[in-house]
Amino acid sequence: MDILSNLAMGFEIAASPYTLLLAVIGCFVGTIIGALPGLGPSNGVALLIPISFSMGLDAISALVLLTSVYYGAMYGGRISSILLNIPGDEPAMMTTLDGYPMAKQGRAAEALVVSGVASFVGAFAATIGLMIFAPYLAGVAFKFGPAEYFALYMLAFCTLGGIGSNNQAKSALAAAIGLAIAMIGLDKTTGMPRFTFGELHLMDGVDFLVAIVGLFAVAEVFFFIETHGKDSAIGVKLGKILVPWKMLRQTSGAMARGTGIGFVAGVLPGAGASLGSFLAYMAEKSSARDKDSFGKGNPRGVAAPEAGNNAAAGGALVPMLTLGVPGSGTTAVLLALLLTLNITPGPLLFTERPEVVWSLIAALLIANVVLLLMNVPMVKVFVHILSVPAWILLPGVTMIAFVGIYSLTGSSFDMLMMVGFGVLGYIMRKLNIPTVPVILGILLGNAMEDNLRRAMVLSNGDWTFLFSSPIAVGLWIAAGLGFVAPIFLRGLLKKPALPDNDPTTIED
Amino acid sequence: MIRGDRIFGSVMIVIALGYILSARGIETSFMSDPVGPRVFPYLIAVVMILCSLVMVLRPDPEADWPAGPMVAQLAIAFAVLVGYAYSISPLGFIIPTAIASGVLCWQIAGHPLRAAMTGVGLGVGLWVLFRLILGLGLRGLPAGWGF
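Rules of the game
- Residues numbered from 1 in each chain as written.
- Chains lettered and ligands numbered in written order.
- Predicted model: local features only at pLDDT ≥ 70, side-chain atom pairs only at ≥ 80, totals over all residues.
- Helix = DSSP H or I, 4+ residues; strand = E, 2+ residues; numbered from the N terminus.
- Rg over C-alpha atoms; globule rule 2.2 N^0.38 Å.
- Buried ≥ 20, exposed ≤ 12 C-beta atoms within 10 Å, placed from the backbone.
- Contact = placed C-beta atoms within 7 Å.
- Domains from an automatic or database assignment.
- Core = buried A, V, L, I, M, F, W, Y, C linked by C-beta atoms within 7 Å.
- UniProt positions renumbered as here; feature names shortened; annotations may be inferred.
- Expected span 1.5 Å × (residues − 1).
- Axes fitted to C-alpha atoms, helices over the stretch in contact; angles between N-to-C directions.
- Parallel < 35°, antiparallel > 145°, perpendicular 65-115°, else oblique.
- Left-handed = near helix turned anticlockwise from the far one by under 90°.
- Bend = angle between axes of the 7 residues up to and from the residue.
- Nonpolar A, V, L, I, M, F, W, Y, C, P; charged D, E, K, R; others polar.
- pLDDT = per-residue confidence, 0-100.

### Regarding the overall build of chain B
- The helix and strand tally for chain B stands at 5 helices and 0 strands.
- Each helix and strand of chain B, placed in order from N terminus to C terminus, yields the pattern α-α-α-α-α.
- On C-alpha atoms alone, chain B measures out to a radius of gyration of 23 Å, which is more than a quarter above the 15 Å that the 2.2 N^0.38 rule sets for 147 residues.
- Projected onto its principal axes, the C-alpha coordinates of chain B cover approximately 55 × 50 × 20 Å.
- Classification of the 147 residues of chain B by burial places 33% in the buried group.
- In chain B, once contacts between residues fewer than 6 apart in sequence are set aside, the share between residues at least 24 apart is 54%.

Next up, the structure:
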């Protein structure tokens, strides 16, 4: 079989002792990043890209390291959700609903084991789904011309903006800001400088890593100082870790359903892991006979969203690898990683550089097994790390952000720009404007313009060419729906009230 | 009533207008495509203006902005980061890092001794991690001091 022989090739590359070591390190670091509140997967991967790049890792090693971090962060997010009632990252939000009540009832260990196994089931199944669906989608993607790609980028912006924000205008504005920043620098077609104002540093454009680290990590610093990081202390005692086989059997259905829902949510552009875990939880709750026990410590309410968010994380790699269109903030950062490594995702990646794709998939499978071992028997290690006080952690993270950018570019100008993006990110978060579309805009801006212009060359300036093929029309309709539909669905899909995050209540 | 959304929207409108003005000045070479380098920036600026107008006309409820002393704290953090960006090249890694992380630590924990220890610890510790273990090209001390 094709898949199996490809997979064997992937394992041959990825299973060397050195890459295995990198996978273990990546999983470890990733779980810590996920577990620490305020440091999410996108943050963590963004911080590590410049560092792994300056270390001179080759493409496959860097890919293995950072995708392990990505999956690790997805696993780790649940730890602080369960123990602290603070989601370690955004997708883990739904896990607080039943995870923290379980912990308060003295069942923290069970909750951690069930959610760890659920994470494994979701992520592993999603990686297999990725193996099956990605080559198929890559085949479809060969039919895409410039007009279809332009429509596809619109779809990504529209669904991400529509689903990810409460205010359509704000997310569209954020996307436009990102696109506007992407225009800075030399125009590829004509070679003319645009928006550089004579500044030599801007000729190459704004480095997306500078923007990502600024918008995510530096903005977090300002936010943290304002809130004073009151929320970092273990409130729940953790007993001995035993595997509750009976509970695992009871929740296996929830895991399977969560995996399916999460994977589909992940494959859809713009949805991402947060939506995956949300839908998985809501579906599990509404299909259950004992609806009342959800929110009060039902293990199925822990298993479903965790399987959902990890499956979505894997599913989100499908459009990212085959079409070059990320479906969420974290996959946007992974796209940045691929671009940094000079790997252009798209259908050609599967035919021209199969070793990259399949060693990545092999690395994901390896990372999952490593993560299962780390997150179930060894979970206590991470619980101890969670007790590192914020006043050490935050300055450390800030300095790592600076080191990464400095060692990558060596210029004060880029670091100043990073601080500037930090301020922008802080203001945008205050105003409830999502920052992920900005990143997406910076990443996709040039390709989007390029495709538009190529389409116009093909059609000799006829704009109706953008709507000339059935695929393009379908994408435009989907984009319109993705942007507008959430306005109407918002009333139906009301999110459940968030658990009380008041620090005083955590101590009990 | 003035709200954050209105201010941000107005600022973005001004920026978008400036963007259009700047895009008008982009030179095209004789070998250009039907679209040219100006049209896409124009489209972006139009989207920016439309969205900003929505923000100005229909602002969301006001965000919870920090009050006086907290603004000062944020300004200090900002100044520290800017200063750090300027000083890491001439002064090497360890000294600016110790000072910057010490100040940030003091801002969060509010404990001078603890902050000083964290600063020195992070300055030296991160240098060891990045320079000695990961092998990044960072200079530890100011030029001419060794390392």
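### Points about the overall build of chain A
- Along the backbone of chain A there are 22 helices and 2 strands.
- Here the C-alpha radius of gyration of chain A, 22 Å, is about what a compact globule of 508 residues would show, namely 23 Å.
- By its C-alpha atoms, chain A is 70 × 50 × 50 Å across when sized along the principal axes.
- Out of the 508 residues belonging to chain A, those deemed buried represent 63%.
- Restricting the contact set of chain A to residue pairs at least 6 apart, pairs at least 24 apart contribute 81%.

### Things to note about the domain arrangement of chain B
- Per the domain assignment, the segments making up chain B are domain 1 (4-57) and domain 2 (68-133).
- Put simply, the middle of domain 1 of chain B and the middle of domain 2 of chain B, counted by C-alpha atoms, are 38 Å apart.

### A closer look at the interface of chain A and chain B
- With 53 residues of chain A at the interface, the matching set in chain B holds 58 residues.
- At the level of elements, α3 (41-54), α8 (168-182), α9 (208-227), α18 (390-409), α19 (412-430) and α20 (436-459) of chain A are the ones that each hand at least two residues to the side of chain A that touches chain B.
- No other element matches the 12 residues that α18(A) contributes to the side of chain A that touches chain B.

### Some words on the nonpolar core
- Judged by nonpolar contacts, the single largest core of 234 residues is most densely connected at Ala151(A), Leu173(A), Ala176(A), Ile212(A), Val213(A) and Met48(B).
- Element by element, the count of residues in this core is highest for helix α6 (residues 108-141) of chain A, at 19 residues.
- Residues lining this core come from more than one domain, with at least three contributed by each of domain 1 (4-57) and domain 2 (68-133) of chain B.
- Residues in contact with Ala176(A), not counting those within four places in the same chain, are Ile44(B), Val47(B), Met48(B) and Cys51(B).

### Things to note about the UniProt feature "transmembrane region" (unreviewed entry) in chain B
Residues and elements named next belong to chain B.
- Under the feature "transmembrane region" (unreviewed entry), the UniProt entry names residues 7-27, 39-57 and 116-138.
- A distance of 33 Å separates the end C-alpha atoms of residues 7-27, which is 86% helix and 0% strand.
- Segment residues 116-138 splits into 78% helix and 0% strand. End C-alpha atoms: 22 Å apart.

### Quick look at helix α12 (residues 299-315) of chain A
- Between the first and last C-alpha of α12(A) there are 24 Å, a value that for 17 residues agrees with the 24 Å anticipated at 1.5 Å per step.
- Among the 17 residues in α12(A), 17 count as buried, and that is most of the element.

### Brief notes about the packing of α18(A) against helix α5 (residues 112-133) of chain B
- Where α18(A) meets α5(B), the axes come as close as 10 Å, and the angle between the chain directions of the two elements is 40°. Taken together, the axes of α18(A) and α5(B) are oblique relative to one another. Seen from above, α18(A) lies across α5(B) with right-handed handedness. In contact with Trp391(A), Ile392(A), Pro395(A), Gly396(A), Met399(A) and Val403(A) of α18(A), α5(B) contributes Arg114(B), Thr118(B), Leu122(B), Leu126(B) and Phe130(B).

### A word on unusual backbone geometry
Residues and elements named next belong to chain A.
- Phi at Asn342 is positive, roughly 65°, even though this residue is not glycine.
- Among the structural elements, Asn342 can be located in the loop between α14 (329-340) and α15 (347-352).
- Residue Asn342 is classed as exposed on the basis of its C-beta count, with 7 C-beta atoms lying within 10 Å.
- The backbone phi angle of Asn432 is positive, close to 65°, even though this residue is not glycine.

### Considerations on α20(A)
Residue and element names in this part refer to chain A.
- The terminal C-alpha atoms of α20, which comprises 24 residues, lie 33 Å apart, in line with the 34 Å expected from a rise of 1.5 Å per residue.
- The principal kink in α20, of about 50°, is found at Leu444.
- Among the 24 residues of α20, 17 are classified as buried, and the element is accordingly described as predominantly covered.
- Positive phi shows up at Asn460, right after α20, with a value of about 60°.

### Re the packing of α6(A) against helix α10 (residues 245-267) of chain A
Residues and elements named next belong to chain A.
- Axis separation between α6 and α10 bottoms out at 9 Å; the angle between their running directions is 40°. As judged from the angle between their axes, α6 and α10 are oblique. Here α6 and α10 pass one another in a crossing that is right-handed. Of the residues in α10, those touching α6 at Glu110, Val114, Val117, Ala118, Val121, Gly122, Ala125, Ala126 and Gly129 are Met247, Leu248, Thr251, Met255, Gly258, Thr259, Gly262, Phe263 and Gly266.
- Looking at side-chain class alone, the contact of α6 with α10 contains 10 nonpolar, 7 polar and 1 charged residues.

### A closer look at the environment of Val69(A)
- As for its placement among the helices and strands, Val69(A) is situated in helix α4 (residues 59-84).
- Measuring from C-alpha to C-alpha, the distance between Val69(A) and Val24(A) comes to 9.3 Å, with 45 residues separating the pair along the chain.

### Comments concerning the confidence of the model for chain A
All names here are of chain A.
- Per-residue confidence for chain A gives a mean pLDDT of 82; residues scoring 70 or more make up 92%.
- Per-element confidence in chain A ranges from a low mean pLDDT of 34 for helix α22 (residues 503-506) to a high of 92 for α19.
- Counted against residues more than four places away or in other chains, residues 496-508, with its pLDDT under 50, gives 14 contacts.

### What about the environment of Ala23(A)?
- You can see Ala23(A) is positioned in helix α2 (residues 17-35).
- As a C-alpha pair, Ala23(A) and Leu63(A) span 40 residues in sequence and 9.6 Å in three-dimensional space.

### Some words on the confidence of the model for chain B
- Confidence in the prediction of chain B, expressed as mean pLDDT, is 85, and 93% of residues score 70 or more.
- For this predicted complex, the interface score ipTM comes out at 0.91, while the overall pTM is 0.84.

### As for the environment of Pro434(A)
- Examined against the element boundaries, Pro434(A) turns out to sit in the loop between α19 and α20.
- Residues Pro434(A) and Lys170(A) lie 264 residues apart in sequence; the distance between their C-alpha atoms is 7.4 Å.

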